[in-house]
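Architecture and fold: a report
Single-letter residue listing:
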Amino acid sequence: AQSVTQPDIHITVSEGASLELRCNYSYGATPYLFWYVQSPGQGLQLLLKYFSGDTLVQGIKGFEAEFKRSQSSFNLRKPSVHWSDAAEYFCAVGRYNQFYFGTGTSLTVIP
Amino acid sequence: GAVVSQHPSRVICKSGTSVKIECRSLDFQATTMFWYRQFPKQSLMLMATSNEGSKATYEQGVEKDKFLINHASLTLSTLTVTSAHPEDSSFYICSAKDGSYEQYFGPGTRLTVT
């Protein structure tokens, strides 16, 4: 069965520190992978996506993610977190009209 | 490009009334639109998938008669919550596809049923 797991419900980091948000998936075929960010009361904004090719993908706002097929993972990283990065982050996998979202990781950034 | 709008952004309605939420793709033609529901502090749950000109496909457990979806054109889909009750209060998000594998999300609609 297809599923997405984000093991960390909530993460707190200091401003300027590095960040890694974990995402593991279970999918029958080669997945298309996405990371979205959601601010309170807002819709989802796409940070980055992976369809094929280079397994390290760059996104907006300084984020990057690495697809590791052997580990069924697509972890999101940022070298230096800004206070404005505080939000909810969702990993998603899918193809065509089938999209599966993780439960989200809430990021708090402390000064 | 690839902007999706929703209207209204917030709506309060009385129990027993119906409310319509619009989802529009502003700068592309959406072959497929999706409606999601999001409870506080939770992930998005797909309610239904709609293709222009055809009936929506509802996910298991979603009441078709309660959540009416119409995808009348390639740029507009509507979700009507009929006979709304307080338990229908939620954040509803639509998304749209242009034929690629990517979904573009609307800003969401906060529905409160009193």
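What comes next concerns the included structure. Because the structure is a prediction, the values reported are computed rather than measured. (Residues numbered from 1 in each chain as written. Chains lettered and ligands numbered in written order. Predicted model: local features only at pLDDT ≥ 70, side-chain atom pairs only at ≥ 80, totals over all residues. Heavy atoms only, no water.)

1. Considering the packing of aromatic side chains
Let me state the cut-off plainly: Note on aromatic pairs: the rings of Phe, Tyr and Trp (six-membered ring only in Trp) are paired at centre separations within 6.5 Å, and the planes decide the class, stacked below 30 degrees, edge-to-face beyond 60, tilted for the rest. In DSSP terms, a helix is any run of H or I states spanning at least four residues, a strand is any run of E spanning at least two, and both are numbered starting from the N terminus. For every residue, the accessible area obtained with a 1.4 Å probe (protein chains only) is divided by the maximum for its type, and the residue is called buried under 20%, exposed over 50%, and partly exposed between those limits.
Scanning the model with the defined rule gives 18 aromatic pairs over all chains in all. Judged by centre distance (5.7 Å) and plane angle (50 degrees), the ring pair of Phe63(A) and Tyr89(A) falls under tilted. Taken together, the residues Phe63(A) in the loop between strand E7 (56-58) and strand E8 (64-68) and Tyr89(A) in strand E10 (residues 87-95) connect sequence positions 26 residues apart. Measuring from centroid to centroid gives 5.7 Å for Tyr36(B) and Phe105(B), while their planes differ by 40 degrees, and the two rings are tilted. In this pair, Tyr36(B) sits in strand E4 (residues 32-38) while Phe105(B) sits in strand E10 (residues 104-105), placing the two residues 69 residues apart along the sequence. Take Tyr36(B): its relative accessible area is 1%, and that puts it in the buried class.

2. Considerations on the pairing of strand E8 (residues 76-81) of chain B
All names here are of chain B. To keep things clear, this is the line we draw: Only when DSSP finds a minimum of two bridges between them are two strands counted as paired.
Summarising burial for E8: 6 of the 6 residues are buried, a large majority. Judged by which residues are buried, E8 turns out to be covered on both faces: Leu76, Thr78 and Thr80 on one side and Ser77, Leu79 and Val81 on the other are all buried. Both strand E3 (residues 19-25) and E8 contribute to a ladder of 6 bridges, which runs antiparallel. Each bridged residue has a counterpart across the sheet, and for arginine 24 the counterpart in E8 is leucine 76. Pairing between strand E7 (residues 67-73) and E8: 5 bridges, direction antiparallel. For asparagine 70, the partnering residue across the bridge sits in E8 and is threonine 78. What sits between the antiparallel neighbours E7 and E8 is a turn of 2 residues.

3. A closer look at the state of the cysteines
Cut-off, in case you're wondering: Cysteine sulfur pairs qualify as disulfides if the two atoms are within 2.5 Å.
Tallied over the full model, the rule gives 2 disulfides over all chains. Here Cys23(A) engages in a disulfide with Cys91(A); their sulfurs sit 1.9 Å apart. The sign of the S-S torsion, about -65 degrees, decides the handedness of the disulfide formed by Cys23(A) and Cys91(A): left-handed. Taken together, the residues Cys23(A) in the loop between strand E3 (19-21) and strand E4 (24-26) and Cys91(A) in strand E10 connect sequence positions 68 residues apart. Given a relative accessible area of 0%, Cys23(A) falls into the buried group. What makes Cys91(A) buried here is its relative accessible area of 0%. Each disulfide pairs two cysteine sulfurs, and for Cys23(B) the partner residue is Cys94(B), the sulfurs being separated by 2.0 Å. What sets the handedness of the Cys23(B) and Cys94(B) disulfide is the S-S torsion sign, and at about 80 degrees it is right-handed. Here Cys23(B), found in strand E3, pairs with Cys94(B), found in strand E9 (residues 90-97); they are 71 residues apart in sequence, far enough to count as distant. For Cys23(B), a relative accessible area of 0% puts it in the buried group. Its relative accessible area of 0% is what places Cys94(B) among the buried residues.

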